[in-house]
Amino acid sequence: MLPDTTPEGAEVAASRGRGRRGADRVALRGDLRAAVPDAVAALVVTAGVFVFLSVRMDSGASATAAVMPFMDDSRTYWMYLLSQAFGWSGLLWAWGTVILGLLLSGPGVARLPVSRQALERWHRTTSLTTMALMAAHAIMFAAELVRYETKLGWVDRLWAGFADSFVPGWYDSGTGRTAIPIGQGALYLAVPLGLLFYVRHRIGPNAWRRLHRFVIVVYVLSVWHTLLYGTNVWYDEWPRTVLWLLQLPIAALFLLRLVRPARRAERLGGPDRRAAGPRQSWVGRAAGRVAVVLVGATVVGVIAVVVSGHDGGRARPADPPAAVPHEQEGTP
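All figures in this text were calculated on a predicted structure; none of them were measured in a lab.

Asker: Mind showing me how you'd approach the pattern of salt bridges here?
Answerer: A side chain with one charge can pair with a side chain of the opposite charge if their charged atoms come near. Applying the stated criterion to the full structure yields four salt bridges. Of the charged contacts in the structure, one is a salt bridge between Arg124 and Asp31, with a shortest N-O distance of 2.6 Å. Taken together, the positions of Arg124 in helix H4 (residues 116-148) and Asp31 in helix H1 (residues 10-59) put the pair 93 residues apart, joining distant regions of the chain. The same class applies to Arg124 and to Asp31, which are both buried.

Right under this line is the structure:
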């Protein structure tokens, strides 16, 4: 939160503002450098996931091959497997950066074993890494589609791969008609919301804070995309249960963030609620309480899903379907 200034200190405030603007412009370059070790770690994790998925596919244990039996050759479909690996590491990094953000904006941040400055830097660098992993996930999916469309010329193949991966509503096969636009929505929200921090001196800190709250929507869309389209969690087996379990810390911290935010002005019924006027104060409190109820219900729902085992997964069929992602375009 930026300090308040008085009219008498206008010149000093302007000077400090220029200094802050310069620091903000440098921050992205500094964070990109600081994100290098984080990005290297993400690549190592991605490589490990890729090897794991390849081994499972070659051994016949892959859920992806069970969903699409034609895709049982890791050497042919390595780009698809790499897309999956980037997707899983991206979801893991998104989980981590959301955890860090909720810790920073919730109560008790001063009691954590690391400084607030360190947590903020980790939050920013993991956010940058998450955006890169999400983009790599989409790019490798597009590359696999380009390889797949063998009946088209190269220009048409490139367009088909790009459109199916990046144009909302273009992909028209199976579950992907819903799941892929959801994933695209997560990517297209993540980039501007993540980079707004570096131009907050232009839009104002209050506007930035309001917009930054929608980062949780990016995470929700990412998990939703995975539950709908992730063939590794397609069936009602332990990988899908683990994915549900990982949402409990997010939901619990988010609920705590709503009930006891770190900033006094954001507390429901706090002493600063009259500053925005009675109407805005009433609307804000009502919206906050509705959010608390919804998030609390989410926590209960996730626990019920895990305990009951009814997690929305499909039963593994005795005879797997021989479906393909979609019919190849063009003529034989």
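Asker: Hey, could you run me through the nonpolar core in this one?
Answerer: What tends to happen in soluble globular proteins is that the nonpolar side chains get buried as a cluster. Counting 20 residues, the largest nonpolar core has Met71, Tyr80, Phe141, Tyr171, Tyr229 and Tyr235 as the members making the most contacts within it. Where this core is concerned, the elements lending two or more residues are H1, helix H2 (63-67), helix H3 (78-105), H4 and helix H6 (176-195). The residues contacting Phe141, other than those within four sequence positions of it, are Tyr80, Ser83, Ser165, Tyr171, Ile180 and Tyr229. Listed in part, the 18 residues of the second largest apolar core include Leu128, Leu187, Leu193 and Phe197.

Asker: I keep staring at the side chain of Ser89 and nothing clicks. Help me out?
Answerer: Position of Ser89 relative to the elements: it lies in helix H3. Judged by relative accessible area, Ser89 falls into the buried class, the value being 1%. Contact partners of Ser89, with chain neighbours within four places excluded, come to Ala42, Val45, Thr46 and Leu133.

Asker: In this structure, what is going on with the packing of aromatic side chains? I would like to understand it.
Answerer: Any aromatic ring pair is given by two values, namely how distant the centres are and how the planes are angled relative to each other. With the rule as written, the count across this model stands at eight aromatic pairs. Between Trp159 and Trp170 the ring centres are 5.3 Å apart and the planes differ by 85 degrees, which places this aromatic pair in the edge-to-face class. Of this pair, Trp159 sits in helix H5 (residues 154-166) while Trp170 is found in the loop between H5 and H6, placing the two residues eleven residues apart along the sequence. By the ring-pair criterion, three or more aromatic residues cluster together here, those being Trp159, Phe162, Phe166 and Trp170. Over the face of the ring belonging to Phe197 we find Arg200, whose NZ or CZ atom lies 3.9 Å from the ring centre.

Asker: So what exactly am I meant to see when it comes to H6 here?
Answerer: Residues three or four positions apart in an α-helix share a direction because the helix packs 3.6 residues into each turn. For H6, built from 20 residues, the straight-helix expectation of 28 Å at 1.5 Å per residue is met to within 8% by its first-to-last C-alpha distance of 28 Å. Buried-residue contacts for H6 involve H4, H5, helix H8 (205-212) and helix H9 (215-229).

Asker: Even after reading the chapter, I still don't get the packing of H6 against H9, so can you show me in this structure?
Answerer: For any two helices packed against each other, the geometry comes down to the angle between their axes and how far apart the axes lie. Between H6 and H9, whose axes approach to 8 Å, the crossing angle comes to 155 degrees. Considering their axes alone, H6 and H9 lie roughly antiparallel with respect to each other. Two packed elements cross with a definite hand, and for H6 against H9 that hand is left-handed. Contact residues: Gly176, Thr178, Ala179, Ile180, Ile182, Gly183, Gly185, Ala186, Leu189, Ala190 and Leu193 in H6; Val215, Val217, Val218, Leu221, Ser222, Trp224, His225, Leu228 and Tyr229 in H9. Of the residues that constitute the contact of H6 with H9, the class distribution is 14 nonpolar, six polar and no charged.

Asker: Mind showing me how you'd approach the packing of H4 against H5 here?
Answerer: Closest axis-to-axis distance for the H4/H5 pair is 8 Å, and the angle between their directions is 140 degrees. Judged by the angle between their axes, H4 and H5 are oblique. Here H4 and H5 pass one another in a crossing that is right-handed. Where H4 abuts H5, its residues Ala138, Ile139, Phe141, Ala142, Leu145, Val146 and Arg147 lie against Trp154, Arg157, Leu158, Gly161, Asp164, Ser165 and Phe166.

Quick notes on the rules
Residues numbered from 1 in each chain as written. Predicted model: local features only at pLDDT ≥ 70, side-chain atom pairs only at ≥ 80, totals over all residues. Heavy atoms only, no water. Salt bridge = Lys/Arg side-chain N within 4 Å of Asp/Glu carboxyl O. Helix = DSSP H or I, 4+ residues; strand = E, 2+ residues; numbered from the N terminus. Buried < 20%, exposed > 50% of the residue type's maximum accessible area, 1.4 Å probe, protein only. Core = buried A, V, L, I, M, F, W, Y, C linked by side-chain atoms within 4.5 Å. Contact = heavy atoms within 4.5 Å. Phe/Tyr/Trp six-rings, centres within 6.5 Å; stacked < 30°, edge-to-face > 60°. Lys NZ or Arg CZ within 6 Å of the ring centre and 35° of its normal. Expected span 1.5 Å × (residues − 1). Axes fitted to C-alpha atoms, helices over the stretch in contact; angles between N-to-C directions. Parallel < 35°, antiparallel > 145°, perpendicular 65-115°, else oblique. Left-handed = near helix turned anticlockwise from the far one by under 90°. Nonpolar A, V, L, I, M, F, W, Y, C, P; charged D, E, K, R; others polar.

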